Amino acid sequence: MSQKRSCKECQRLFTPSPRRPDQRHCSRKECQKARKRDWQREKMKNDEAYRAKQQASKKAWREKNPDYWAKYRQDHPEYVRRNREKQREREARSRIAKMDVLEPQSFFESGTYRIIPVRCDLANMDVILARIEAVSPGCG
Ligand SMILES: [Zn+2]
């Protein structure tokens, strides 16, 4: 007899189907969606033929609907704003990751720096975030 286990997505307890004893997701709609998403992600990562097929069908769709995304972005400014924010976050994270690689000396040595406050919270003046920008010789 199969025992109850907790769903990978929603963590609720469920009884796996006797026909699929290694079932990880319960039967709720959201969890089945998540299961499909997981499956697709794995497939895209590991199955080159599947990936090529998906990309080809995406490309064909784009060619059939060349204005879809431009129109979508026009009709959904909130979507555009959120995406832009997410992109900025990704860029900031990758900048931080790159800074971690730099040796502390090479980062702080040599030269004049300009400190530019990027956020100054008036209610909390002891917290000021600043960007340090190196000024190249000759223009400082
Ligand atoms: Zn679930």
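Here the structure is a predicted model, which means the values were calculated and not measured.

S.K.: Sorry if this is basic, but what is going on with the overall build of the chain here?
M.R.: Secondary structure assignment for the chain yields five helices and four strands. If you list the helices and strands of the chain from N to C, you get β-β-α-α-α-α-α-β-β. Within the chain, the proportion of its 140 residues that are buried is 9%. Look at the contacts in the chain between residues 6 or more apart in sequence, and 6% of them connect residues 24 or more apart. For the chain, the computed accessible surface area is about 12700 Å², with 53% contributed by carbon and sulfur atoms.

S.K.: How should the packing of aromatic side chains be read in this particular structure?
M.R.: The geometry of an aromatic ring pair is captured by two quantities: the separation of the ring centres and the angle between the planes. This model, assessed by the stated rule, comprises seven aromatic pairs. Centroid distance Tyr68 to Tyr72: 6.0 Å. Interplanar angle 25°. Geometry classified as stacked. Placement of both Tyr68 and Tyr72 in helix α3 (residues 68-75) is noted, with a separation of four residues, approximately one turn of the helix. The exposure class assigned to Tyr72 is partly exposed, which follows from its relative accessible area of 24%. Both rings, one in Trp69 and one in Tyr72, keep their centres 5.3 Å apart while their planes meet at 65°; by these two values the pair is edge-to-face.

S.K.: Please clarify how the coordination of the zinc ion should be interpreted in this entry.
M.R.: Metal coordination angles have textbook ideals: 109.5 degrees for a tetrahedral set of four donors and 90 or 180 degrees for an octahedral set of six. Surrounding the zinc ion are the protein donor atoms Cys7 (SG), Cys10 (SG), Cys26 (SG) and Cys31 (SG), which sit 2.3 Å from the metal. One way to put it: the four donor atoms around the zinc ion meet at angles of 106 to 115°, and that makes the site tetrahedral. Mapped onto the sequence, the residues coordinating the zinc ion show the spacing C-x2-C-x15-C-x4-C. Of the two residues, Cys10 is situated in the loop between β1 (5-6) and β2 (13-14) and Cys26 in the loop between β2 and α1 (29-46); the sequence distance between them amounts to 16 residues.

S.K.: Honestly, the packing of α1 against helix α2 (residues 48-64) in this entry has me stumped. Any pointers?
M.R.: The interhelical angle for the contact between α1 and α2, taken along N-to-C directions, is 105°, at an axis separation of 6 Å. Looking at the two axes, α1 sits roughly perpendicular to α2. Taking contact as the criterion, the partners of Trp39, Gln40, Lys43, Met44, Lys45 and Asn46 in α1 are, on α2, Glu48, Tyr50, Arg51 and Gln54. Residues that form the contact of α1 with α2 fall into these classes: three nonpolar, three polar and four charged.

Conventions adopted
Residues numbered from 1 in each chain as written. Predicted model: local features only at pLDDT ≥ 70, side-chain atom pairs only at ≥ 80, totals over all residues. Heavy atoms only, no water. Helix = DSSP H or I, 4+ residues; strand = E, 2+ residues; numbered from the N terminus. Buried < 20%, exposed > 50% of the residue type's maximum accessible area, 1.4 Å probe, protein only. Contact = heavy atoms within 4.5 Å. Areas by Shrake-Rupley, 256 points an atom, 1.4 Å probe, with all protein chains shown as cover. Phe/Tyr/Trp six-rings, centres within 6.5 Å; stacked < 30°, edge-to-face > 60°. Donors = N, O, S within 2.8 Å, 3.2 Å for Na, K, Ca; no water. Tetrahedral: all angles 85-135°; square planar, octahedral: opposite > 155°, others 65-115°. Axes fitted to C-alpha atoms, helices over the stretch in contact; angles between N-to-C directions. Parallel < 35°, antiparallel > 145°, perpendicular 65-115°, else oblique. Nonpolar A, V, L, I, M, F, W, Y, C, P; charged D, E, K, R; others polar.

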